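Geometric and topological summary
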Amino acid sequence: MGCCYSAIRRPSGEEPPKPQFWKPLQKRSCTDIIPLCVFVLFFIGMLIIAAFSIASGAASRLINGYDSYGNTCDRTNKKLTENPNSGLDLTGKKFVFFMDVLDPYSSLEICVKKCPDRELRTLQDLYDFYEETGSQLCDYSLDPKDYVSQGVSSKIGNCPILPLDPSTEVIYRCAPSNVLEFLVDMVKFLNNLDPLTRILSEIYMCRYAIIGLCFLAVLVSFIIVLLIRYLASIVVYIINIIVVITSLAGTGLLWWSYASATLNLDKPFNITLISEQENVETFLWYSIAATVFTVILLLLIFVMRKRVALTVDLFYEAGRCMVHMPFLLLQPLWTFIVLVLFWMCWIVVFGFLATAGEPYMVNEHEGWVRFNETMVVRYMWWYHLIGVIWISEFVLACQQMTIAGAVAKFYFTRDKKKLGNPILSSIGRLIANHIGSCALGSFIIVLVKIPRCILMYIERQIKDSKNIVAKILVKCCICCLCILEKCLRYLNYNAYSLVAINGTHFCKSACDAVATLLSNALRVIAINSVGTFVLFLGKLVVVAIVAGIGGVLVLKYHPNVHYVAVPVGVVAVFSYLTAHCFLSIYEMAVDTLLLCFCEDSRVNDGSPGKEYFMPKSLMVYVKNSSKQLNTLEGKKEKKKKGTAEEERLKNETSVV
């Protein structure tokens, strides 16, 4: 199956097939098989890299560290070189010790049982420390009894540079205690700052209230999603009234300013300055521009009044959709869990892959070994990096396809009592038929995202460069790619919606989506402007309610809190993020309903066999819907007359 369709040619004289009625969400074939195969092969490659990294990597070398001879600490090691110190059994020696901690890269590293916890000034002190703890701080080849007689204090061995300051274990490495003390002093210094100390302490005092308010934010967001369909009409009309009044008042104020300035110039015995004449001309041009703008704005509001009303009705239908499918609001939670599990696996594999290098000699005389990644491993890094981007985008695409399919199922089901479980049916269609479309759509995002990431890396590298032209060009390219990515994401979601509705391939669905959006440009503009603003107000309502309740609770139950804004601010941020997650699903539902409405009005005309799927509230926005409305009204009138006739006959029978 190809990505895009082509017309099927038939021999001359053969009659074309009879047209079939449009049946959305009916049985369909698999879409985008080739992208699916490519994605499966790519995922198999990810699994092969994971198996290779686990088999050849040594995550313990990254965690526990290794000595200069290639031995991993606290492990039984294999011999890597002919040096007698290679391949030692270092079980119990957990910590990496540097002969010169000030120059750890070029100094000898060994594994020890215990880091020195006190100052050691002489070789005798090293031997005494060994007698007390059993920890050898000199090279493996030097017997502890010979520390005093044969020990040489040097960064390349065989004993550490003296005097040796006390050290502490940090991630299985012996780090100087004075460095840690400096960091501790810095923390104490920061903690001694009164504002910071009070802020942290007050957050800790209000921790239970903050946790409870975070759960309240989830509840309020859910309620707002259910109620926003009723509030949308009020908000939209208030916005229109405010815009009209503001534009008219602003234009009138400019004309009044122009008239006042003109009268001042026309007064007798008044010395006119050039600046005053320029001000009058400026007010005139501003007044003319404001008048033109106001006229155009009023015309747009008049022309788009039905589109804005359509936005309100689509919000109402989206609210009904959420009532029938409340679990649709939990889709971001499942997506987040899947992404977190995948990222955890990816990080583990990356850790193994980072230690999959081959040993090489850096000092043949001393037998020192380092590990360097091969060219194959470097290619695997890039493959692994592309994999995390593509699979993450693929998971997000599956979420979008699931939401679009469920909302489309709600729209195209005439009897809502027979709706069933649209979310599960959408997931079933996704897995059975359209997983390849998600793979193709997510790959398109990857093709834009990777160059943008590369350019962002280049931007950081040249931030200190004096070439201003190069910096500007890189920033412009990043900005263009960012805009392109956002446009593609919006187009992808509309393409997923049409894939879910019609069962067509991704490319055809994307082309149909572009044609639909362009042919309904005013409707799209109205929904993307008014609808986005309404949803933003919904987020602010959630923040205001939860933060207001939080402020009252903090003031009432925590009177000792000085910085009330701190816990309230934490709650406000979490409330906004929670509301964004819920209302983003609502926004996707509105966009999908718009596409369903456009497809319904494009294919059907209300005639027998082509009845509209849309509810009665949306039929007023379709040109050819009058017949359908009359038919519905006629059926209702006949039903009422039939019921009245039956009642009359029953009454006559009872009298007889």
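Heads up: the structure comes first, above all this text.
Everything numeric here is computed off the predicted structure, so don't read it as measured data.

Attention now moves to the overall build of the chain. The helix and strand tally for the chain stands at 18 helices and 6 strands. Here the chain, with 656 residues, has 39% of them falling under the buried criterion. Carbon and sulfur atoms make up 67% of the accessible area of the chain, which totals about 37,500 Å².

Turning next to the packing of helix H1 (residues 33-56) against helix H10 (residues 331-354). Two elements in contact, H1 and H10, have axes separated by 8 Å at closest approach and are oriented at 50°. Compared by their axis directions, H1 and H10 come out oblique. Relative to H10, the crossing made by H1 is left-handed. From H1, Met-46, Ile-49, Ala-50, Ser-53 and Ile-54 reach across to H10, where they touch Trp-346, Val-349, Phe-352 and Leu-353.

All right, on to empty space enclosed by the protein then. In total, this model carries 3 cavities of 30 Å³ or more according to the counting rule given. Roughly 80 Å³ of internal volume is contained in the largest cavity. Lining of the largest cavity is provided by Glu-393, Leu-396, Ala-397, Gln-400, Gly-441, Ser-442, Ile-445, Arg-489, Asn-492 and Tyr-496. Elements with a minimum of two residues in the lining of the largest cavity: helix H11 (375-411), helix H12 (422-461) and helix H13 (468-502). Considering each element in turn, the lining of the largest cavity owes the most residues, 4 residues, to H11. Here the second largest cavity defines a volume of roughly 50 Å³. Phe-315, Ile-527, Asn-528, Gly-531, Thr-532, Leu-535, Glu-587, Val-590 and Asp-591 are the residues that line the second largest cavity. Examining the composition of the lining of the second largest cavity, we find that 5 residues originate from one element, helix H15 (residues 521-557), more than from any other.

Time to look at the environment of Ile-435. Note that Ile-435 resides in helix H12. Through-space distance from the C-alpha of Ile-435 to that of Ala-397 is 9.3 Å; in sequence the pair is 38 residues apart. Sequence-distant contacts of Ile-435, that is, excluding residues within four places in its chain, are made with Leu-36, Phe-394, Cys-398 and Leu-430.

Attention shifts here to the state of the cysteines. With the rule as written, the count across this model stands at 3 disulfides. Paired through a disulfide, Cys-73 and Cys-111 show a sulfur-sulfur distance of 2.0 Å. Between Cys-73 and Cys-111 the sulfur-sulfur dihedral comes to about -75°; the bridge is accordingly left-handed. Here Cys-111 lies in strand E2 (residues 109-112) and Cys-73 lies in the loop between helix H2 (59-64) and strand E1 (95-98), a separation of 38 residues in the sequence. Comparing Cys-73 with Cys-111, the two get one shared label, buried. Paired by a disulfide, Cys-138 and Cys-159 hold their sulfur atoms 2.1 Å apart. An S-S torsion of about 110° defines the bridge between Cys-138 and Cys-159 as right-handed. Here Cys-159 lies in the loop between helix H4 (147-150) and strand E3 (167-170) and Cys-138 lies in the loop between helix H3 (123-133) and H4, a separation of 21 residues in the sequence. The residues Cys-138 and Cys-159 share a single accessibility class, namely buried.

A word on the side chain of Asp-100. As for its position among the elements, Asp-100 is in the loop between E1 and E2. Although Asp-100 is buried, it makes no salt bridge; Lys-155 carries the closest opposite charge, 5.3 Å away. Aside from chain neighbours lying at most four places away, what touches Asp-100 is Ser-107, Lys-155 and Ile-161.

What follows covers the pairing of E2. The side chains of a regular strand alternate, residue by residue, between the two faces of the sheet. Alternating residues of E2 divide into Glu-109 and Cys-111 and Ile-110 and Val-112, and every residue in both groups is buried. By the bridge criterion, 4 bridges tie E1 to E2 in an arrangement that is antiparallel. Counted as the bridge partner of Phe-95 is Val-112 from E2.

For the rest of this paragraph, the subject is the pattern of salt bridges. The full count for this structure, using the stated rule, is 13 salt bridges. Among the salt bridges present, the one from Glu-485 reaches Arg-452, with a minimum N-O distance of 2.9 Å. Of this pair, Glu-485 sits in helix H13 while Arg-452 is found in helix H12, placing the two residues 33 residues apart along the sequence. Each member of the pair Glu-485 and Arg-452 is classed as buried. What emerges from the salt-bridge pattern is a single network uniting Glu-393, Lys-449, Arg-452, Glu-485 and Arg-489.

Looking along the chain, the bond that leaves Leu-162 and enters Pro-163 is cis, with omega of -5°. Within the element layout of this structure, Pro-163 appears in the loop between H4 and E3. At Asp-32, a residue that is not glycine, the phi angle is positive and equals roughly 55°. For Asp-32, a relative accessible area of 2% puts it in the buried group. Although it is not a glycine, Asp-74 adopts a positive phi angle of roughly 60°.

Quick look at the nonpolar core now. With 52 residues, the main nonpolar core has Leu-314, Met-322, Leu-328, Tyr-411 and Tyr-586 as its most contacted residues. Those elements that place two or more of their residues in this core are helix H7 (207-266), helix H9 (305-324), H11, H13, helix H14 (506-519), H15, helix H16 (565-603) and helix H17 (616-619). For this core, the leading source of residues is H16, giving 13 residues. Contact partners of Met-322, with chain neighbours within four places excluded, come to Val-225, Leu-226, Leu-328, Leu-329, Ile-585, Tyr-586 and Ala-589. Counting 28 residues, the second largest nonpolar core, distinct from the first, contains Phe-342, Ala-397, Ala-439 and Val-499.

Next up on the list: a nonpolar patch on the surface. Nonpolar side chains collect at one region of the surface, where Leu-219, Ile-223, Leu-227, Tyr-230, Leu-231, Ile-234, Ile-238, Ile-242 and Tyr-316 lie side by side and expose about 810 Å² of accessible area between them. For Tyr-230, a relative accessible area of 43% translates into the label partly exposed.

Here the focus is the layout of surface pockets. Roughly 1,200 Å³ of internal volume is contained in the largest pocket. Gln-399, His-580, Cys-581, Ser-584 and Met-588 are the residues nearest the centre of the largest pocket, which is lined by 32 residues in total. Mapped onto the lining of the largest pocket, the elements with two or more residues apiece are H10, H11, H13, H15 and H16. The leading source of residues in the lining of the largest pocket is H16, at 11 residues. Residue composition of the lining of the largest pocket, by class: 18 nonpolar, 7 polar and 7 charged.

Axis separation between H1 and H11 bottoms out at 10 Å; the angle between their running directions is 130°. Taken together, H1 and H11 sit at an angle that is classed as oblique. In this structure, H1 meets H11 at a crossing whose hand is left-handed. Mapping the contact onto sequence places Val-38, Phe-39, Leu-41, Phe-42, Phe-43, Gly-45, Met-46, Ile-49 and Phe-52 in H1 and Val-377, Met-380, Tyr-383, His-384, Ile-386, Gly-387, Val-388, Trp-390, Ile-391 and Phe-394 in H11. For the contact of H1 with H11, the residue count by class is 16 nonpolar, 3 polar and no charged.

Quick notes on the rules
Residues numbered from 1 in each chain as written. Predicted model: local features only at pLDDT ≥ 70, side-chain atom pairs only at ≥ 80, totals over all residues. Heavy atoms only, no water. Helix = DSSP H or I, 4+ residues; strand = E, 2+ residues; numbered from the N terminus. Buried < 20%, exposed > 50% of the residue type's maximum accessible area, 1.4 Å probe, protein only. Areas by Shrake-Rupley, 256 points an atom, 1.4 Å probe, with all protein chains shown as cover. Axes fitted to C-alpha atoms, helices over the stretch in contact; angles between N-to-C directions. Parallel < 35°, antiparallel > 145°, perpendicular 65-115°, else oblique. Left-handed = near helix turned anticlockwise from the far one by under 90°. Contact = heavy atoms within 4.5 Å. 1 Å grid on protein atoms, 1.4 Å probe; cavity = no way out; pocket = protein on both sides within 12 Å on 5 of 7 lines; lining within 4 Å. Points joined across faces, edges and corners; volume = space filled by probe spheres on them. Disulfide = S-S within 2.5 Å. Lys, Arg positive; Asp, Glu negative; His and termini not counted. Salt bridge = Lys/Arg side-chain N within 4 Å of Asp/Glu carboxyl O. Pairing = 2+ DSSP bridges. Core = buried A, V, L, I, M, F, W, Y, C linked by side-chain atoms within 4.5 Å. Patch = residues over 30% accessible without salt bridge, like charges linked within 9 Å, V, L, I, M, F, W, Y side chains within 5 Å. Nonpolar A, V, L, I, M, F, W, Y, C, P; charged D, E, K, R; others polar.

Without other data, these values stay purely geometric and don't point to any function.
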